[in-house]
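# Survey of secondary and tertiary structure
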Amino acid sequence: ALKIEKILDTTLSLLSAGTADKITTNAIAKAAGISIGSLYQFFPNKGAIFYELFRRWLTQTLTALDQVVTSIDGDEAPEECIENMLQALAGGKEINAPGHWQLRRAMASSPDLVELERKHFEQILERILTVQVKFGVPVETAERRELALLQNQLFIACLQTLALTRVLEHSGAVRRWCKQILASAFDKKMLDA
């Protein structure tokens, strides 16, 4: 179990420093300080490592999002909920590291990864539709799914930008911009226009 964690942590660090297509199992083993044979005891190839990293990331993301969605009772301001979602999803490197975004770019490299991403996408949309209802968007609104698609894409852009912001002094401004963008995207008046 410790070697598995070492392999996964090392791979995420390598992804944070470069692109997925440039990483090899030999590079992962060397950086992890283990033999290539030890790596292959746990993962038959780089795709299997990426799959496990992505699966864990998606599970952590959904768990964090579920905690926030469950806590929304409709009485709080949408800005407060958005802050809570940003805090849950962008608050730590275990969920929002630069390596996760490199990993996400590698999704098309394997049918298994594509399928995992498709399932995750539908699960995220379900949660966004739940948030819409809690924010007062009528359930019968025909455009709800399209709005959820837009809201998801804006969240992705904000989370990625926050993860890739390298100058610490800029992160506060970036976070404010993200909150403003997301607040407008989750405003129920959007559907009234």
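Just above, that's the structure.
Now for a look at the structure at hand. (Residues numbered from 1 in each chain as written. Predicted model: local features only at pLDDT ≥ 70, side-chain atom pairs only at ≥ 80, totals over all residues. Heavy atoms only, no water.)

In terms of nonpolar packing, the biggest core is built from 55 residues, with Phe-54, Leu-86, Phe-155 and Phe-186 touching the most fellow members. Put simply, the parts of the chain that give this core at least two residues each are α1 (2-17), α2 (25-32), α4 (46-71), α5 (78-90), α6 (98-105), α7 (111-134), α8 (144-164) and α9 (168-185). Ranked by the residues each element gives to this core, the list is headed by α4, at 11 residues. Once residues within four sequence positions are removed from consideration, Phe-54 is found in contact with Leu-103, Arg-104, Met-107, Leu-113, Leu-116 and Glu-117. (Core = buried A, V, L, I, M, F, W, Y, C linked by side-chain atoms within 4.5 Å. Buried < 20%, exposed > 50% of the residue type's maximum accessible area, 1.4 Å probe, protein only. Helix = DSSP H or I, 4+ residues; strand = E, 2+ residues; numbered from the N terminus. Contact = heavy atoms within 4.5 Å.)

Turning to the packing of aromatic side chains, a few remarks are in order. Using the criterion set out here, one finds 3 aromatic pairs in the structure. With 5.6 Å between their ring centres and 70° between their planes, Phe-54 and Trp-57 make a pair best called edge-to-face. Here Phe-54 and its partner Trp-57 are both found in helix α4, 3 residues apart, which amounts to about one turn of the helix. Exposure class is identical for Phe-54 and Trp-57. Each is buried. Note on Trp-57 and Trp-101: the rings are 5.6 Å apart at their centroids and 80° apart in plane angle, and the pair reads as edge-to-face. In this pair, Trp-57 sits in helix α4 while Trp-101 sits in helix α6, placing the two residues 44 residues apart along the sequence. Accessibility assignment for this pair places Trp-57 and Trp-101 in one class, buried. The structure contains a cluster of three or more aromatic residues connected by ring pairs, namely Phe-54, Trp-57 and Trp-101. (Phe/Tyr/Trp six-rings, centres within 6.5 Å; stacked < 30°, edge-to-face > 60°.)

Right, let's talk about the packing of α8 against α9 for a bit. In a packed pair of helices, the relevant descriptors are the angle between the two axes and the axis-to-axis distance. Packing of α8 against α9 leaves a shortest axis separation of 10 Å and a crossing angle of 180°. Between α8 and α9, the interaxial angle falls into the category roughly antiparallel. Note on element contacts: α9 touches α8 through Ser-171, Val-174, Arg-175, Cys-178, Ile-181, Leu-182 and Ala-185, opposite Leu-147, Gln-151, Leu-154, Phe-155, Cys-158, Thr-161 and Leu-162. Tallied by class, the residues present in the contact of α8 with α9 amount to 10 nonpolar, 3 polar and 1 charged. (Axes fitted to C-alpha atoms, helices over the stretch in contact; angles between N-to-C directions. Parallel < 35°, antiparallel > 145°, perpendicular 65-115°, else oblique. Nonpolar A, V, L, I, M, F, W, Y, C, P; charged D, E, K, R; others polar.)

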